[in-house]
Amino acid sequence: MRRPSVRTARNVWVAGFTLAADLRAAGLAGLGPEADRAQVRGFAVLSTLFGLNHLAAAVRAPRSGSNWFGAGLNAVGIAVGVAALAAPRPGTRAPDRR
């Protein structure tokens, strides 16, 4: 078997990510808030990993604006996800703070 080129490997990953995103949105969209929470947890983990990767690359090449930008966008994604997950679940009462 011939080894795939880097471009072929990249294209396979992009196709896989695209298909996974389409299937995830279509398959989980109607399952309710718990499915949404599960997706947000997964996205937060991915943003953490991608953000760390961008940050490590940016530290190695400080003039690489795209890596700083990617690290920043992933940080925003993490902040939004964590804030959403920290919010009370629908149908539950907020804790009494007396």
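Residues numbered from 1 in each chain as written. Predicted model: local features only at pLDDT ≥ 70, side-chain atom pairs only at ≥ 80, totals over all residues. Heavy atoms only, no water.

S.K.: What am I meant to see in the layout of surface pockets here?
M.R.: Any empty space left between the atoms is revealed when a probe the size of a water molecule rolls over them. Empty space within the largest pocket amounts to approximately 210 Å³. When contributions to the lining of the largest pocket are tallied by element, the ones reaching two or more residues are α1 (6–28) and α2 (33–60). Tallied by class, the residues present in the lining of the largest pocket amount to six nonpolar, two polar and one charged. (1 Å grid on protein atoms, 1.4 Å probe; cavity = no way out; pocket = protein on both sides within 12 Å on 5 of 7 lines; lining within 4 Å. Points joined across faces, edges and corners; volume = space filled by probe spheres on them. Helix = DSSP H or I, 4+ residues; strand = E, 2+ residues; numbered from the N terminus. Nonpolar A, V, L, I, M, F, W, Y, C, P; charged D, E, K, R; others polar.)

S.K.: So what exactly am I meant to see when it comes to a nonpolar patch on the surface here?
M.R.: A contiguous nonpolar surface patch, about 570 Å² in accessible area, is contributed by Trp13, Phe17, Phe43, Leu46 and Phe50. Counting residues per element, the ones that place at least two in the nonpolar patch are α1 and α2. For the nonpolar patch, the element with the highest residue contribution is α2, accounting for three residues. One can find Phe17 in helix α1. (Patch = residues over 30% accessible without salt bridge, like charges linked within 9 Å, V, L, I, M, F, W, Y side chains within 5 Å. Areas by Shrake-Rupley, 256 points an atom, 1.4 Å probe, with all protein chains shown as cover. Salt bridge = Lys/Arg side-chain N within 4 Å of Asp/Glu carboxyl O.)

S.K.: Just checking my understanding: could you explain the side chain of Ser64 for this structure?
M.R.: Within the fold, Ser64 resides in the loop between α2 and α3 (65–86). A distance of 2.9 Å separates polar atoms of two side chains, one belonging to Ser64 and the other to Asn67. (Polar contact = N/O pair within 3.5 Å; in protein donor to acceptor, adjacent residues only side chain to side chain.)

S.K.: Would you mind going over α2 with me for this structure?
M.R.: In an α-helix, one full turn covers 3.6 residues, which means residues spaced three or four apart are oriented alike. With 28 residues, α2 should reach 40 Å at 1.5 Å per residue; the first-to-last C-alpha distance of 40 Å fits that figure. In this fold, the buried residues of α2 make contact with α1 and α3. (Expected span 1.5 Å × (residues − 1). Contact = heavy atoms within 4.5 Å.)

S.K.: Which parts of the structure should I look at to understand the environment of Ala79?
M.R.: On the secondary structure map, Ala79 appears in helix α3. You can call Ala79 partly exposed: its relative accessible area is 48%. Between the alpha carbons of Ala79 and Ser47 there is a distance of 9.9 Å; along the sequence they are 32 residues apart. (Buried < 20%, exposed > 50% of the residue type's maximum accessible area, 1.4 Å probe, protein only.)

S.K.: For this particular structure, what's the right way to read the confidence of the model for the chain?
M.R.: Caution applies to low-pLDDT regions: their predicted coordinates should not be interpreted in detail. With 93% of its residues at a pLDDT of at least 70, the chain reaches an overall mean of 89. Looking over the chain, one finds the lowest element-wise mean pLDDT in α1, namely 87, and the highest in α3, namely 96. (pLDDT = per-residue confidence, 0-100.)

S.K.: What should I look at first to understand the side chain of Gln39 in this one?
M.R.: Inspection of the secondary structure puts Gln39 in helix α2. Here Gln39 falls in the buried class, since its relative accessible area comes to 13%. Setting aside residues up to four positions removed in sequence, Gln39 forms contacts with Arg24 and Leu28.

S.K.: Honestly, the packing of α2 against α3 in this entry has me stumped. Any pointers?
M.R.: Any two packed helices are characterised by the angle at which their axes cross and by the distance between the axes. Between α2 and α3, whose axes approach to 8 Å, the crossing angle comes to 155 degrees. Our classification of the angle between α2 and α3 gives roughly antiparallel. In the crossing of α2 with α3, the sense of the turn from one axis to the other is left-handed. Residue classes in the contact of α2 with α3 are distributed as 12 nonpolar, nine polar and two charged. (Axes fitted to C-alpha atoms, helices over the stretch in contact; angles between N-to-C directions. Parallel < 35°, antiparallel > 145°, perpendicular 65-115°, else oblique. Left-handed = near helix turned anticlockwise from the far one by under 90°.)

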